[in-house]
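Notes for the structure review
Read off the chains here:
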Amino acid sequence: MLAAVITLAGLGFLGSLGLAIAARVFAVETDPRTEEIEEALPGANCGACGYPGCSELAKRIAEGKACIDDCPVGGQAVAKEIAGIMGVDFSGGERDVAIVLCAGNNENALKKYHYNGVYDCVSADMFYGGDKACSYGCLGLGTCVGACPFGAIEIMPEGIAKIISDKCTGCGKCVEACPKDIIKLVPASRKLHILCSSHDKGAAAKKKCEVACIGCQKCVKAAPEGAIEMDDFLAVVNYAMEIPENVADECPMGTIKVYDSENSLKQAAGGGS
Amino acid sequence: MAKGFFGGIHPDYHKELASGEPVKVMPLPEQLIVYFSQNLGVPSKPVVEKGDEVKKGQVIAEAGGFVSTPVHSPTSGKIKSIGLHPSPVGTEMEAAVIIPDGEDEWAEGCDKERDISGFTPDEIKNIVNNAGVVGMGGATFPTHVKLSPPEDKPIDILILNGAECEPYLASDHRLMLEKAEEILEGASLFARAINVDNIVVAIEKNKPDAIEKMKNLTAGRDRFRVEALGVIYPQGAEKQLIYAITGRKVPTGGLPMDAGALVQNVGTCFAAFEAARLNRPLIRRVVTVTGSGIKNPSNILARIGTTFRDIVDFCGGMTDDTAKVISGGPMMGIAQYSLDSAVGKGTSGIVLLKADEVAQFENNPCIRCGRCLAVCPMNLDPSAISIFAERMRYDETEEYCVMDCIECGSCAYVCPSKRPLVQHFKRAKAEIRKRSKKTG
Ligand code: SF4
Ligand code: SF4
Ligand code: SF4
Ligand code: SF4
């Protein structure tokens, strides 16, 4: 009996000694800043930064292997805080939000066939590019909705995706998910948008959608030089520049929309002029 | 004796609509829409421009790599335009619109009868490749690639696929009745190319006349054997066919050559015969035009590039309540939104259905009835895979072997919840391919 107790106790002691030594020998230096940075990060673990989770990004920032503003969700505020922890200067730009550059919904855009299948834009896109006559437009099946970790996208009853700017963190997940490549990240302060992505020539675009950009260039002429540029029959906003709101009135198709002060899309994604 | 395989279904076949119709030659239409890429694998590269004059059989697109084939002009004429057109495979595809000059004049060197008895395996592969021959059962995989197995994968059996298990279609059936000798000659070339002398002609029992015809023709020829297969869908799918004939299984992710077999559709054999013997590239094929939505169900010999509109007109037009036009059969075919689609090398049939015959998908939840598991010929769990796909959990669809799915549609056919199962699987496969490309 006693022998057994002593043997077991002895084994236990030997084992713990081994552990104690191992802990010394294999100890990993953890940077105390890692924890602080992790604290500062939003903790959404959304992966938008490209790393598996917030703690991994924190570690990389502390090691100097990632930038202090690599968390798109935290944005400016978090970047500033991390800059403080790391003892570096931060003077960043402004918050980006996503926008769907299409206003062709079930009422104003033509369909080329009746889609009956999986409720997913990528699936529909694999079939003749989806049911919309316009091959560039929003399919309205909400693959972006599923991809957004922050519930910032809705499919409107008229069949088009809309981004709720206040909830959007600019993480860009939707940009990646959309098979039509029509979601763009733009500075949150910009209010004027050309809600079309069609590179079809004017006449063809007009046939397929009542609110399509027909490439007439009226807006280009009305806007400051370089603020709106033509790209293959499509007028594209240069978001680096300020554009006066009244430029929107020039558009004969009603494709250009100006959002209200909260930058919510209440009046957007609507019909023609 | 042929074996069965696990699973499968017994759909309504409706073969009688067209199987008794001899193949009619479709007259030269006013325009042809010829897609520049007509094979699975690497797309071909266009070599003509708007305004060019072309001769019949002239190359209008070159092979874009090894797993690729050239495309030839189906007649002589002028290229009116080049642009995107709806294609039977479900995409908008770049094509040349050719206006025939009516002369139908062959390019230099084409259409010359020659002796094929002396061709070496390499010559055969080259001929088949240069003639743009692809799998004509619908898969359009370049035939010369199938004829070039690596040395460590010896092939000991050539199976001629005349199963034609898709409902409605009869193009292979007609070809076997009308061009049996040519098919066997084409098959002999394939056998020589891969050095096998065991050739099995596999035909489902619902084509007794074709079985008899082939039996008579092969009588006394030791290398050939005719197998009458049970009537079950998808008997004609490569893996199921190989199992039925040889009892060998193609491993997961593998090819028929991994089971020592080569499968060639009977139409492909015929195309190879014409390429070798007559020096004619692949510019026409037999198309079954059938279903309750067409006035005169027919089998026609149409040039590649003939629009569905011209074909429908040629077959008497649509009936009043035609609701759906499918390229291929109703199980694996692809619904068309426009009759401007044109015949491609893989277009085995055009099926036109009335509204009450068209199944609607409903995206209902899976009720876990298990029917799909009972019919899946690949032994998959379509229920689980579709649920993962719905939740965008594509890694799990891969773990559940979605890549093995042959997209036969048996599961969707029996699903009481009318779930668009195959579409889920196509989507999952596309995602998995995309991811594996990204990670290298
Ligand atoms: S924005 Fe893109 S992903 Fe979102 S609903 Fe429209 S097409 Fe689909
Ligand atoms: S809307 Fe797009 S960018 Fe904005 S949070 Fe959602 S996924 Fe991210
Ligand atoms: S479509 Fe795929 S999952 Fe469905 S039965 Fe056929 S092989 Fe199985
Ligand atoms: S047949 Fe349909 S409902 Fe039944 S288990 Fe399969 S997917 Fe689910």
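Each remark here, short or long, concerns the structure printed above.
Residues numbered from 1 in each chain as written. Chains lettered and ligands numbered in written order. Predicted model: local features only at pLDDT ≥ 70, side-chain atom pairs only at ≥ 80, totals over all residues. Heavy atoms only, no water.

**Brief notes about the site of ligand 3**
Residues and elements named next belong to chain B. Around ligand 3 sit 13 residues, and of these Cys376, Cys405, Cys408, Gly409 and Cys411 come closest. Elements with a contribution of two residues or more to the shell around ligand 3: helix H13 (410-414) and helix H14 (421-438). Class assignment for the residues of the shell around ligand 3 results in ten nonpolar, two polar and one charged. (Near = heavy atom within 4 Å. Helix = DSSP H or I, 4+ residues; strand = E, 2+ residues; numbered from the N terminus. Nonpolar A, V, L, I, M, F, W, Y, C, P; charged D, E, K, R; others polar.)

**Quick word on unusual backbone geometry**
Cis rather than trans, the peptide bond between B:Tyr233 and B:Pro234 has omega equal to 0°. The residue B:Pro234 is located in the loop between strand S11 (224-229) and helix H7 (238-246) in this model. The phi dihedral of A:Asp232 is positive, around 55°, even though this residue is not glycine. Among the structural elements, A:Asp232 can be located in the loop between strand S6 (228-231) and strand S7 (234-237). Despite not being glycine, B:Asn195 shows a phi value in the positive range, around 60°. Along the chain, B:Asn195 falls in the loop between helix H5 (180-194) and strand S10 (199-204).

**Some words on the pattern of salt bridges**
Residue and element names in this part refer to chain B. Evaluated as defined, the whole model comprises 30 salt bridges over all chains. Across the pair Asp111 and Arg280 runs a salt bridge, and its minimum N-O distance is 2.9 Å. Here Arg280 lies in the loop between helix H8 (266-278) and strand S13 (284-290) and Asp111 lies in the loop between strand S8 (92-100) and helix H2 (121-130), a separation of 169 residues in the sequence. Classification of Arg280 as partly exposed rests on a relative accessible area of 22%. (Salt bridge = Lys/Arg side-chain N within 4 Å of Asp/Glu carboxyl O. Buried < 20%, exposed > 50% of the residue type's maximum accessible area, 1.4 Å probe, protein only.)

**Remarks on the packing of aromatic side chains**
A ring pair, where both rings are aromatic, is described by two values, the distance of the centres and the angle of the planes. Considering all chains together, one arrives at five aromatic pairs over all chains under this definition. Ring plane angle 90° and centroid distance 5.4 Å describe the contact between A:Tyr113 and A:Phe127, whose orientation is recorded as edge-to-face. Of this pair, A:Tyr113 sits in the loop between strand S1 (96-100) and helix H5 (121-125) while A:Phe127 sits in the loop between H5 and helix H6 (143-147); the two residues are 14 residues apart in sequence, bridging distant segments of the chain. When its relative accessible area of 22% is taken as the criterion, A:Phe127 is described as partly exposed. For the ring pair A:Phe127 and A:Tyr128, a centre distance of 5.1 Å and an interplane angle of 75° mean the geometry is edge-to-face. Of the aromatic side chains, those joined through ring pairs into one cluster are A:Tyr113, A:Phe127, A:Tyr128 and B:Tyr337. (Phe/Tyr/Trp six-rings, centres within 6.5 Å; stacked < 30°, edge-to-face > 60°.)

**Concerning the environment of B:Cys376**
All names here are of chain B. Note that Cys376 resides in the loop between helix H10 (371-375) and helix H11 (382-390). As a C-alpha pair, Cys376 and Ile9 span 367 residues in sequence and 8.7 Å in three-dimensional space. Apart from residues no more than four positions distant in its own chain, Cys376 is found in contact with Phe6, Gly7 and Pro382. (Contact = heavy atoms within 4.5 Å.)

**Notes on a negative patch on the surface**
Residues and elements named next belong to chain A. A surface patch of like charges, here negative, comprises Glu35, Glu36, Glu38 and Glu39. Within the secondary structure layout, Glu38 lies in helix H2 (residues 32-40). What makes Glu38 partly exposed here is its relative accessible area of 34%. (Patch = residues over 30% accessible without salt bridge, like charges linked within 9 Å, V, L, I, M, F, W, Y side chains within 5 Å. Areas by Shrake-Rupley, 256 points an atom, 1.4 Å probe, with all protein chains shown as cover. Lys, Arg positive; Asp, Glu negative; His and termini not counted. Charge placed at Lys NZ, Arg CZ, Asp CG, Glu CD.)

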